[in-house]
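Notes for the structure review
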Amino acid sequence: MAKIGEKELRRQIKTGDFSNAYLIYGEESYLKEYYVDRLKKKNVDLAFEAFNFHSFNGKNSVLSDILKDAEMLPMMGERNFILVCDYPFDKGAGDTELLKEFLSDIPETTMLVFWYDALAFDPKNNSKMKAVESLFLKFGSVAVLERRSEQELIKLLVDGCKKRNAVISPENAKYLISVSGSDIKTLMNEAEKLSAYVNGGEITKKLINELAVKCLQARIFDLSKAILKGNYESAFAVLDTLFALKEDPVSILSAVSGGYVDMYRVKCAKIAGERFDDVGNYYNYKGREFLMKNAFSNSSQLSVGQLRRSLDVLMQADNSLKSTSVDKRLVLEETLVKLLLISKEVAYDKG
């Protein structure tokens, strides 16, 4: 069978046209968890869940033990449902062959679901994972659940708030995404909180600014704006907030670096006569389109030369954070000063 996406998986669950084995992975955690739960609810009778539902943490499990449970017949129900999360196939030398032997003759009354949440599943760069995916493609289904586009997220928020007796305009839904990020679970939590607060009213931009939780990317955008304006006080205030929130210094630097990479891509595209959304399509910014828009706005403040020097500074900081035992906060503060000084240079080659 071919790989399937959310639409086809939703159809299978609705019609009951199931495979006996599923491999589920992708970038969107909320969707993976949601559809795994839907598969379980559709195939496991709650009255006999103790007999017919078997859940395994892949890190602490042995494949042979998992497959022994998968061989069992269901009791007082139609299916024996086996759910395995984050199984690392590189820990057992014969695991792939063992899985192949089982899947080639899987009992009709068994549904075996392997899904990957915390552990990345990358068949393009891992030969064992590629072999595992091939087995599920041959004997079952492989569902890849990727990020939704910005427009899909906007619709999700508008509909979600409507179900909670609140109103949010598409424009404000888009703004909420730029503030809280594109993770669906986070967005739905924010939508539920804001909807409860307005109690039948409208969710405004002002309210989003006051109540919505800012994601790391949004705070880094605030940091970048302060740097580009040469505002030392605001830049260090944002950094103080990030440390107060106990954000990992490496994650902070990674997010800052990502913002500068975005700006560099947009700047080069603009010089080449391309649009910023062309860059987003080429580098797969699906569901994170707001990052390209932020980069387009910020990149006008710096020249290509300034961006290159800034990226050099960020690379040096990355090496320092990962290779020495220096004070990580001091490294970030020194990096911030260097970026601020670069931003204050006169840029003669702005595009």
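See above for the structure.
Residues numbered from 1 in each chain as written. Predicted model: local features only at pLDDT ≥ 70, side-chain atom pairs only at ≥ 80, totals over all residues. Heavy atoms only, no water.

1. Focus on the sheet that holds strand S4 (residues 80–85)
Backbone-to-backbone hydrogen bonds join strands into a sheet, with any given pair of strands oriented parallel or antiparallel. Pairing within the open sheet is parallel, and its six strands lie in the order S1-S6-S2-S5-S4-S3. Sheet topology places strand S1 (3–4) and strand S3 (53–57) at the edges, where each strand pairs with a single neighbour. The pairing of strand S2 (residues 21–25) with strand S6 (residues 141–144) spans four bridges and is classified as parallel. Its bridge partner lying in S6, Tyr-25 is registered against Val-144. Sheet strands touched by helix H2 (residues 29–43): S2, S3, S4 and strand S5 (110–115). Its angle to S5, the strand with the most contacts, is close to 170 degrees. (Pairing = 2+ DSSP bridges. Helix = DSSP H or I, 4+ residues; strand = E, 2+ residues; numbered from the N terminus. Contact = heavy atoms within 4.5 Å. Axes fitted to C-alpha atoms, helices over the stretch in contact; angles between N-to-C directions.)

2. Notes on unusual backbone geometry
Phi is positive for Asp-86, which is not a glycine, with a value near 60 degrees. You can see Asp-86 is positioned in the loop between S4 and helix H5 (95–103). A relative accessible area of 12% means that Asp-86 is categorised as buried. In this model, Lys-246 sits at a positive phi of 60 degrees, which is unusual for a non-glycine residue. Assessed through its relative accessible area of 74%, Lys-246 is described here as exposed. (Buried < 20%, exposed > 50% of the residue type's maximum accessible area, 1.4 Å probe, protein only.)

3. Points about the packing of aromatic side chains
All chains considered together, the criterion is met by nine aromatic pairs. With a centroid separation of 6.3 Å and 90 degrees between ring planes, the pair formed by Tyr-87 and Phe-114 is classed as edge-to-face. In this pair, Tyr-87 is assigned in the loop between S4 and H5 and Phe-114 in strand S5, connecting sequence segments 27 residues apart. Assigned by exposure class, Tyr-87 and Phe-114 land together as buried. Looking at Lys-205, its charged tip hangs above the ring of Tyr-175, at a distance of 4.7 Å from the centre. The ring centre of Phe-243 lies 4.7 Å from the NZ or CZ of Arg-329, which sits over that ring. (Phe/Tyr/Trp six-rings, centres within 6.5 Å; stacked < 30°, edge-to-face > 60°. Lys NZ or Arg CZ within 6 Å of the ring centre and 35° of its normal.)

4. Focus: a negative patch on the surface
The grouping of Glu-71, Glu-97, Glu-101 and Asp-105 at the surface amounts to a negative patch. Residue placement: Glu-101 occurs in helix H5. Among the residues examined, Glu-101 registers a relative accessible area of 57% and is labelled exposed. (Patch = residues over 30% accessible without salt bridge, like charges linked within 9 Å, V, L, I, M, F, W, Y side chains within 5 Å. Areas by Shrake-Rupley, 256 points an atom, 1.4 Å probe, with all protein chains shown as cover. Salt bridge = Lys/Arg side-chain N within 4 Å of Asp/Glu carboxyl O. Lys, Arg positive; Asp, Glu negative; His and termini not counted. Charge placed at Lys NZ, Arg CZ, Asp CG, Glu CD.)

5. A few points about a nonpolar patch on the surface
Nonpolar side chains collect at one region of the surface, where Phe-51, Met-75 and Met-76 lie side by side and expose about 340 Å² of accessible area between them. You can see Met-75 is positioned in the loop between helix H4 (63–70) and S4.

6. Examining the environment of Val-167
As for its placement among the helices and strands, Val-167 is situated in the loop between helix H7 (150–163) and helix H8 (170–180). A relative accessible area of 47% means that Val-167 is categorised as partly exposed. In this structure, the C-alpha to C-alpha distance between Val-167 and Glu-202, residues 35 residues apart in sequence, is 4.6 Å.

7. Digging into the pairing of S5
Here S5 lies mainly inside the structure; six of its six residues are buried. Residues of S5 alternate between two faces, with Thr-110, Leu-112 and Phe-114 on one and Met-111, Val-113 and Trp-115 on the opposite face, all of them buried. Sheet topology places S2 next to S5; four bridges connect them, and they run parallel. When the bridges of S5 are listed, Ile-24 appears paired with Trp-115. Note: S4 against S5, six bridges, orientation parallel. Within S5, the residue paired with Leu-83 across the bridge is Val-113. Handedness of the crossover joining S4 and S5 through H5: right-handed. (Right-handed = clockwise from strand over helix to strand, strands pointing away.)

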